[in-house]
Amino acid sequence: MENQFSKKKVSKIKNKFFSLVQEYASSYPGKIVLIDEKSNLKYNWRDCLKIMQRINRFLEIKKLKPGDTVSSGLPNCIENTFIFLSCVTYGYNFAALPEKFSKYEKKKLSKIVKPKITFLNKIITKENIVGEIKISLDSKFSWLPRITKRKNFIEQNSKIFILSSGTTGEPKVIVQNINNLTLNGQEFLKNHNFVNKNSIFLNYLSMSYLGGLYNLLILPLLANASIVITDSFSGITFLNFWKIIARFNITCLWLVPTIIKGILKLHSKNSEEIKSKFGDKIKYSFVGTAPLEYRIKMDFQKKFGIVLLENYGLSETLFISSENLKTKQNFNTNTSGSIINNVRIKFSSYKNTFKKILVKTPYIFEGYIDEKNLLSKDIDSEGFFNTGDLGSNKSNKLSITGRVKDIVKKGGFLVNLREIELIATKIKNVLEASAINVSDDFYGETLVLFFSSKNKIEITEKEKIEFEIFKTVTTKLAKQKWPKKVFLIDNLPKTRSGKISKFQLKRIYEKFSSK
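Residues numbered from 1 in each chain as written. Predicted model: local features only at pLDDT ≥ 70, side-chain atom pairs only at ≥ 80, totals over all residues. Heavy atoms only, no water.

Asks: How do you make sense of the overall build of the protein when you look at a structure like this?
Replies: A tally of regular secondary structure across the protein gives 13 helices and 26 strands. Relative to the 2.2 N^0.38 estimate, which gives 24 Å for 515 residues, the radius of gyration of the protein is 23 Å and therefore close to what a compact globule would have. Along the longest, intermediate and shortest principal axes, the C-alpha atoms of the protein span 75 × 55 × 50 Å. Split into buried and exposed, the 515 residues of the protein put 56% on the buried side. Within the protein, contacts between residues separated by at least 24 positions form 68% of all contacts whose residues are at least 6 apart in sequence. Summed over all atoms, the accessible surface of the protein reaches about 24,100 Å², with 50% contributed by carbon and sulfur. Each charge sign in the protein was given a centre, from 86 positive and 46 negative side chains, and these centres are 4 Å apart. (Helix = DSSP H or I, 4+ residues; strand = E, 2+ residues; numbered from the N terminus. Rg over C-alpha atoms; globule rule 2.2 N^0.38 Å. Buried < 20%, exposed > 50% of the residue type's maximum accessible area, 1.4 Å probe, protein only. Contact = heavy atoms within 4.5 Å. Areas by Shrake-Rupley, 256 points an atom, 1.4 Å probe, with all protein chains shown as cover. Lys, Arg positive; Asp, Glu negative; His and termini not counted. Charge placed at Lys NZ, Arg CZ, Asp CG, Glu CD.)

Here it is, written out as structure tokens:
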């Protein structure tokens, strides 16, 4: 732990993203880079720079200076996009609140990062609190001042604060910076030449975490690509997904396993029509946030004709590995692609059976920050960060086999929950499955399995279906690996990044077991 982090301390490191924005605005002033799905307005580099300068002037009027923190509780929208880009271009720190945040989350984030101002949606925010700026999300930017002349700006490395619940549910803040995002993104793009100034991305991942801020905003901008800004992912997204893609001629996607499964569930029947319509426009899609089952990956590629390129990374490390078109020629069931340049991997034994992944990268985060202004990060004496993941590395291709927290010691026998989940998801009519560890009077700890169905299940059939799944799983596993109980629920709870929330599943189990 170190008590050296100060949000007032101005970094002397030059802002590399600032330099890129200046270069693109000068060389490609008329190039369309942002498109607002809601208003249909398009913004070229010249437009973007003007709006960002106006936001910077707005912050100056509010007495902010480079190194101060701006937080945002805005949903995905063009206003939030420009506020974030202005902050990371002109040296302000940016803190993202979860969409539909609670008062507790807002209070927690404010206590940790101490923002000078917080942007909120004028329509849904009624309270008047000092430091909160309520704006209309109408794409007009009428709340911004006009500027008559351009001024020189101080280049400095902006920090990005991401609120995370971690593995315990207790909020923590991850501290990244824009230079890490810029340099890591440039290395990532070296593996993907098909991403260029002609590419058009759809940004529908939440801007409250790096999926929306980095993967689908900073990364495409580094390639001088165009980005359509739309609402963050929801159930409605599944219904309008292909309509928006057609409307804006999207050429490159970034999917997560949850969305891939949803598309397969809702659009498999008309997949040939979709494949015929978009096959020549969308050849590739990136996939991240969680491992994707080989069976599902192959099913999606066959039905929709879109090659899925998996990658692996964390908010703390950014991208560590990525499949590319070369590695696809030697496709491996569990691969997350080749390790990115400048990144080193090593493994340490875990419970004498598994291998923990440790990574040394120049793009490592600055640490976790708490209310006492203390920074901490799990780095060993050689500078390797403990990812908390299990895996292996063969021929420079990284495979992810599970999480350290997903290893259960059941009566002295080690069980990898990932193995149980993979077996469960192969069962007919199972949409998603997730196993969690729970305490047990006899074994010390054991596991239970949650799953959702592809089909609507009547309440009267629920116990019968649960027994059938239990029976199928247990016939494929040694007795020590059997789940204590199998639960069918309508939908498995998700985090903002689309991962299944095992923390929430444990809460659900506690409710079930207390009845």
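On we go from here.
Asks: It is not clear to me how the sheet that holds strand β17 (residues 354-360) should be interpreted in this structure. Could you clarify?
Replies: Strand pairing within a sheet occurs via backbone hydrogen bonds; the two strands may be parallel or antiparallel. One open sheet holds the 9 strands; their spatial order is β11-β12-β13-β14-β15-β21-β20-β17-β16, and the pairing between them is mixed. The two strands at the open ends of the sheet, each matched to only one other strand, are β11 (253-255) and β16 (344-350). On average, each strand axis in the sheet is tilted by 50 degrees relative to the strand beside it, whichever way the strands run. Where β16 lies against β17, 7 bridges are found, and the strand directions are antiparallel. In the sheet register, serine 348 faces β17, and the bridge partner there is lysine 356. Together, β11 and β14 (318-322) form the strand contacts of helix α6 (residues 210-222), whose direction differs from that of β14 by roughly 70 degrees. Relative to the sheet, helix α8 (residues 257-267) contacts β11, β12 (284-287) and β13 (307-314), its axis offset from that of β11 by approximately 100 degrees. (Pairing = 2+ DSSP bridges. Axes fitted to C-alpha atoms, helices over the stretch in contact; angles between N-to-C directions.)

Asks: What should I look at first to understand the packing of helix α7 (residues 235-248) against helix α9 (residues 271-278) in this one?
Replies: What describes two packed helices is the angle between their axes and the distance between those same axes. Two elements in contact, α7 and α9, have axes separated by 12 Å at closest approach and are oriented at 15 degrees. Taken together, the axes of α7 and α9 are roughly parallel relative to one another. Both α7 and α9 take part in a crossing whose hand is left-handed. Residues Trp242, Ile245 and Ala246 of α7 pack against Ile274, Lys277 and Phe278 of α9. (Parallel < 35°, antiparallel > 145°, perpendicular 65-115°, else oblique. Left-handed = near helix turned anticlockwise from the far one by under 90°.)

Asks: Quick question: what am I supposed to make of the sheet that holds strand β26 (residues 486-488) here?
Replies: Taking strand neighbours across the sheet as the criterion, the 3 strands line up as β24-β25-β26 in an open arrangement whose pairing is mixed. In this open sheet, the two edge strands, each paired with only one partner strand, are β24 (430-440) and β26. Pairwise comparison of adjacent strand axes, ignoring direction, gives a mean angle of 25 degrees for this sheet. Relative to β26, strand β25 (residues 444-453) runs parallel, the two being bridged by 3 bridges.

Asks: Any chance you could explain the packing of aromatic side chains here in plain terms?
Replies: How two aromatic rings sit relative to each other is set out by the distance from centre to centre and by the angle between their planes. The final tally for this structure, using the stated rule, is 31 aromatic pairs. Taken together, a centroid distance of 5.3 Å and an interplanar angle of 75 degrees make the contact between tyrosine 43 and phenylalanine 82 edge-to-face. On the criterion of sequence distance, the pair formed by tyrosine 43 in strand β2 (residues 42-44) and phenylalanine 82 in helix α3 (residues 78-90) is long-range, its members being 39 residues apart. For the pair formed by tyrosine 43 and phenylalanine 82, the shared burial category is buried. A centroid spacing of 5.3 Å and a plane angle of 90 degrees characterise the contact between phenylalanine 58 and tryptophan 143, whose relative ring orientation is edge-to-face. A residue pair is termed long-range when its members are at least 10 positions apart, and phenylalanine 58 in helix α2 (residues 45-61) and tryptophan 143 in the loop between β6 (132-135) and β7 (159-164) qualify at 85 residues. The pair formed by phenylalanine 58 and tryptophan 143 is uniform in burial state, with each residue classed as buried. Here a set of aromatic residues connected by ring pairs shows up, and it is made of Phe188, Phe194, Tyr214, Trp254, Tyr284, Phe286 and Phe319. Here the guanidinium or amino end of lysine 377 rests over the ring plane of phenylalanine 365, the centre of that ring lying 6.0 Å away. The ring of phenylalanine 487 carries the charged tip of lysine 485 above its face, separated from the ring centre by 5.9 Å. (Phe/Tyr/Trp six-rings, centres within 6.5 Å; stacked < 30°, edge-to-face > 60°. Lys NZ or Arg CZ within 6 Å of the ring centre and 35° of its normal.)

Asks: Explanation requested: the nonpolar core in the structure shown.
Replies: Of all hydrophobic cores here, the largest spans 117 residues; its most connected members are Leu34, Phe82, Ile83, Phe119 and Leu255. With 9 residues, the top contributor of residues to this core is α6. Apart from residues lying up to four places away in sequence, leucine 255 is in contact with Tyr204, Phe241, Ile260, Ile263, Ser285, Phe286, Val287, Gly288, Phe300 and Leu308. Counting residues in hydrophobic clusters, the runner-up holds 19 residues, among them Val408, Ile423, Leu447 and Val486. (Core = buried A, V, L, I, M, F, W, Y, C linked by side-chain atoms within 4.5 Å.)

Asks: Before we go on, may I ask you to explain the side chain of glutamate 37 in this structure?
Replies: Relative to the helices and strands, glutamate 37 resides in the loop between β1 (32-36) and β2. Glutamate 37 sits in the buried class, given a relative accessible area of 17%. At 3.0 Å, the side chain of glutamate 37 forms a polar contact with the side chain of threonine 230. For glutamate 37, the contacting residues outside a window of four places in its chain are Val228, Ile229, Thr230, Ile244, Arg247 and Phe248. (Polar contact = N/O pair within 3.5 Å; in protein donor to acceptor, adjacent residues only side chain to side chain.)

Asks: Looking at this model, I keep getting lost on α2. Mind explaining?
Replies: One turn of the α-helix equals 3.6 residues, which is why residues spaced by three or four share an orientation. With 17 residues, α2 should cover 24 Å at 1.5 Å per step; its first-to-last C-alpha distance of 24 Å lies within 8% of that length. Along α2, the positions that sit buried rather than exposed are Trp45, Cys48, Leu49, Ile51, Met52, Gln53, Arg54, Ile55, Asn56, Phe58 and Leu59. Between the side-chain oxygen at the start of α2 and the backbone nitrogen of arginine 46 there is a gap of 3.0 Å, and the oxygen is on asparagine 44. One or two steps after α2, the chain reaches lysine 63, where phi turns positive at roughly 70 degrees. (Expected span 1.5 Å × (residues − 1).)

Asks: What's the story with the packing of α8 against helix α10 (residues 294-304) in this structure? I'm lost.
Replies: Where α8 meets α10, the axes come as close as 10 Å, and the angle between the chain directions of the two elements is 50 degrees. One element, α8, and the other, α10, form an angle in the oblique class. In the crossing of α8 with α10, the sense of the turn from one axis to the other is left-handed. For the pair α8 and α10, the contacting residues are Ile260, Lys261, Ile263, Leu264 and His267 in the first and Ile296, Asp299, Phe300, Lys303 and Phe304 in the second.

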